[in-house]
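Architecture at a glance
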Amino acid sequence: MGQFCCKKSRYREREDSDVSDVNVPTVSTPKAILSLLIIFAVYVGVQIVSLAYPVLFPAGLRCYQNYTSTCDMNIKSKNGCQVDCIEFTDTQQGILTGLTLTAVYLIAGIPLAKATGVGSRVPVLAIGQLILTGMAILTASSSRFFIILLARLGAGLSEAACTPAAYSLISDYFVVMNHAKALSVYHFATNIGIAAAFSLGFLNFYVCWRWVFLSLAIAGGCVFLLVIFFIREPPYDSSDSLMSSQDLYTITEVFQRLIRNRPYVLLCLASSMRNVSTYALWAWLPTFYSKVLSIPSEEYGVNVALVVLFGGGCGCAIGGILTNRISRRHKQNKTYVIAISHLTAASLMIGTLLTISPSVSFGLLFLYCLVAEMAPGPASSIVQDLFSANLRSSAFAAYVAIGSIVGSAVGPILVPAITSLHLSWHACGQGVDVALAIVVPSFYLLSSLLFIITGFLMPTEEALNEETIYLKYETSEVDAESEAERETLFYGSLSI
C-alpha cells in the first residue's frame, strides 16, 4: 500500500471510545521502523533475562538434593559449573519464576502506567533497560537464594516498565489499521527471547551460568545506549487539549473508566487465563525435558530455540496478517481467530507433554508455537480498538499488569503443587509432564471461551477504512507546511 501526505488536523478525540479514533503518525517511515526495531530489541532482552532463570535452573544454577541413582539430572559442564550452584526447593523455583512478577506488578503496575504518559515513555523505557542490566550483573554475583530473588524482582520491574511504554509508542508510530501487524512484530520478540534463552542452555555447557548473565548485562548496556540515542517521542501539537487532558485523570478515575468497559474486562480475564498457561509452560518446560525426557541442556536448548524461533515467528506473522485482513470491517473477528488458535494449541500441548519420544515432542511443540503465537499481537491491538489515545497507555499497562499478575501468580506455582501430591514424583522430579498437561490445556480452553464472549460484547460498528480516513483529513484544517516536509510524514499501511 502506498503513502500519501498527511495533513494535521486539530480534531479532538472523545474521552472514551468504543471504536478506534483516527490516528495519524507524525514521524517519518525510517524513524518509525528504526524505533520499532529498537523497542523490539528491548523486549527481546527482557524476555531473555526473564527466561534465563528457568532455563539455567536444571542446567547448573540450582543444586538438586535427595535424588536417587535413577534420577538423571543431566547437569554437565566442561568447567565444573555444576559445583557452583545455589540450593532451593521446587516451591522456591515456582516463586522465582512466577510470584516475583506478581509482587512487582501489584506494587508498581499502576504507578508505571501513570509514568508512561505522553512525553515520558522513552525515559521509562531507558530506565527499565538500565535496571534489567543491573539485575543481570547482580544475578551473576549472587550466591544465595535471597539475592537471586531480589534480582528476579528487579527483572520483573524492568518488564513492567517496558511493555506499557512500548505499546503506547507503537500505537503512535502506526495508524490503527496496522496496529495488529506492528504489535505482532513486537510480540515476535517473545519468540526471539525464548529461543535465545533456551540457547543459553547450550552456552552453559561451555561456560558457567555466571558468565552467561554477565554476557546478558553487556548486551543490555548496548541496547540501553540505542534507546537513549535513537528513540524519540512522536511530536504533538501542544495546543491540542487532548494531550493536556491526559494528566488530569487520577488513578481512581482511570480505574473507573476502564472497569466500565465490559469487553475490556473480559479481554483482561481471557488474556490472564492464557498467561497462566504460558507462564507455567515456559517456567517448567526446561525441567520437563531435563528430568522427564532426560535430555541434557545443550541438546534441548538448541532444539527448543529453533522450534520457538521458526514456529513462533511464523505464528506471529500469520496472526498479524490474518487478523488484519478478516477484521477490517468487523474488529470483533480478532477474538474469534484468537479463540480458535487457543483451542488448537491446547490439543497440541497435550501431545507435546505426554509423548515419550523427544523428536515427537519437539515436532508438536513447533506446531503449538505456530498456532499459539498467532494470538498476542491481535489481542493487544483489541485494547487500542476499545479506547481512544488519552486512555490507551493506562489501558495497556493495566492489561499487561493484570495478565502478568494472574499468570505469574497461578501458573508456575500450580506445577509443584500438583507434583507434590505424589511423593515419588516429588523425589525424582517426575510428574512435571502430567502437571503441565493438566494446567496448560485447561487454561487455554478457558481463555478460548472468554475470548468468544469478548467478541460478542465488542461494538458492532464497522472499522474505518482508508478512504474514510483520507477524506477526513482532506477536509480538516491544515497547518502551513512545505510540500517537502509533508512528503516525509508517515501515514498508513506500512507493510511489516
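Not measured: the values here are computed from a predicted model. (Residues numbered from 1 in each chain as written. Predicted model: local features only at pLDDT ≥ 70, side-chain atom pairs only at ≥ 80, totals over all residues. Heavy atoms only, no water.)

Glancing now at the overall build of the protein. Check the secondary structure of the protein and you find 18 helices and two strands. The 496 residues of the protein split such that 60% are buried. Sequence-distant contacts, at least 24 apart, represent 87% of the contacts inside the protein between residues at least 6 apart. Split by element, the accessible area of the protein, about 19000 Å² in all, is 66% carbon and sulfur. (Helix = DSSP H or I, 4+ residues; strand = E, 2+ residues; numbered from the N terminus. Buried < 20%, exposed > 50% of the residue type's maximum accessible area, 1.4 Å probe, protein only. Contact = heavy atoms within 4.5 Å. Areas by Shrake-Rupley, 256 points an atom, 1.4 Å probe, with all protein chains shown as cover.)

With that settled, consider the side chain of Gln47. Looking at where Gln47 falls in the secondary structure, it is placed in helix α1 (residues 29-61). In contact with Gln47, not counting residues within four places along its chain, are Glu159, Ala189, Thr190 and Gly193.

One pass over the structure, following the stated rule, counts zero disulfides. Unpaired in terms of disulfides, Cys369 finds its nearest cysteine sulfur in Cys316, a separation of 9.8 Å. (Disulfide = S-S within 2.5 Å.)

Right, let's get into the pattern of salt bridges. Under the criterion given, the structure shown has two salt bridges. The residue Arg274 makes a salt bridge to Glu373 at a minimum N-O spacing of 3.7 Å. Placement of the pair is Arg274 in helix α9 (residues 262-292) and Glu373 in the loop between α12 (358-372) and α13 (376-386), with a sequence separation of 99 residues. Of the charged contacts, one joins Lys334 and Asp385 as a salt bridge, the two residues approaching to 2.7 Å between their closest N and O atoms. With Lys334 in helix α11 (residues 333-354) and Asp385 in helix α13, the pair connects residues that are 51 residues apart, well separated along the chain. The pair formed by Lys334 and Asp385 is uniform in burial state, with each residue classed as buried. (Salt bridge = Lys/Arg side-chain N within 4 Å of Asp/Glu carboxyl O.)

On to the confidence of the model for the protein. Taken as a whole, the protein shows an average pLDDT of 76; of its residues, 74% reach a score of 70 or greater. Across residues 1-22 the pLDDT falls below 50, and counting only partners more than four positions away or on other chains, this stretch makes 80 contacts in the model. This stretch, residues 463-496, has a pLDDT under 50; its non-local contacts, to residues over four places away or in other chains, come to 74 contacts. (pLDDT = per-residue confidence, 0-100.)

Further remarks concern the environment of Arg210. Looking at the secondary structure, you find Arg210 in helix α6 (residues 209-230). For the pair Arg210 and Leu61, spaced 149 residues apart in sequence, the C-alpha separation works out to 8.5 Å. Look past the residues within four positions of Arg210 in its chain and what remains in contact with it is Asp84, Thr139, Ala140, Ser141, Ser142 and Ser143.

Next up on the list: a nonpolar patch on the surface. Among the surface-exposed residues, Leu34, Leu225, Leu226, Ile228, Phe229 and Phe230 lie close enough to one another that they form a single nonpolar patch of about 540 Å² accessible area. With respect to the secondary-structure elements, Ile228 resides in helix α6. (Patch = residues over 30% accessible without salt bridge, like charges linked within 9 Å, V, L, I, M, F, W, Y side chains within 5 Å.)

Attention shifts here to the packing of aromatic side chains. Aromatic rings in a pair are described by how distant their centres are and how their planes are angled relative to each other. Overall, the coordinates contain 11 aromatic pairs when judged by the stated rule. Relative to Phe88, the ring of Phe57 has its centre 5.2 Å away and its plane inclined at 70°; by these criteria the two rings are edge-to-face. One end of the pair, Phe57, is in helix α1; the other, Phe88, is in the loop between β2 (86-87) and α2 (90-115), and 31 residues separate them in sequence. As far as the burial class goes, Phe57 and Phe88 line up, both buried. (Phe/Tyr/Trp six-rings, centres within 6.5 Å; stacked < 30°, edge-to-face > 60°.)

Ranked by internal contacts, the top residues of the largest apolar core, which has 130 residues, are Tyr264, Trp282, Leu285, Tyr289 and Tyr368. Setting aside residues up to four positions removed in sequence, Trp282 forms contacts with Leu51, Pro54, Ile194, Phe198, Val304, Val308, Tyr368 and Cys369. (Core = buried A, V, L, I, M, F, W, Y, C linked by side-chain atoms within 4.5 Å.)

Let us look at empty space enclosed by the protein. What the rule picks out here adds up to four cavities of 30 Å³ or more. The volume enclosed by the largest cavity comes to roughly 650 Å³. Lining the largest cavity are 32 residues, with Tyr43, Glu159, Asn275, Thr278 and Tyr279 positioned closest to its centre. It is α9 that contributes the most residues to the lining of the largest cavity, seven residues altogether. Classifying every residue of the lining of the largest cavity by side-chain character gives 16 nonpolar, 12 polar and four charged. (1 Å grid on protein atoms, 1.4 Å probe; cavity = no way out; pocket = protein on both sides within 12 Å on 5 of 7 lines; lining within 4 Å. Points joined across faces, edges and corners; volume = space filled by probe spheres on them. Nonpolar A, V, L, I, M, F, W, Y, C, P; charged D, E, K, R; others polar.)

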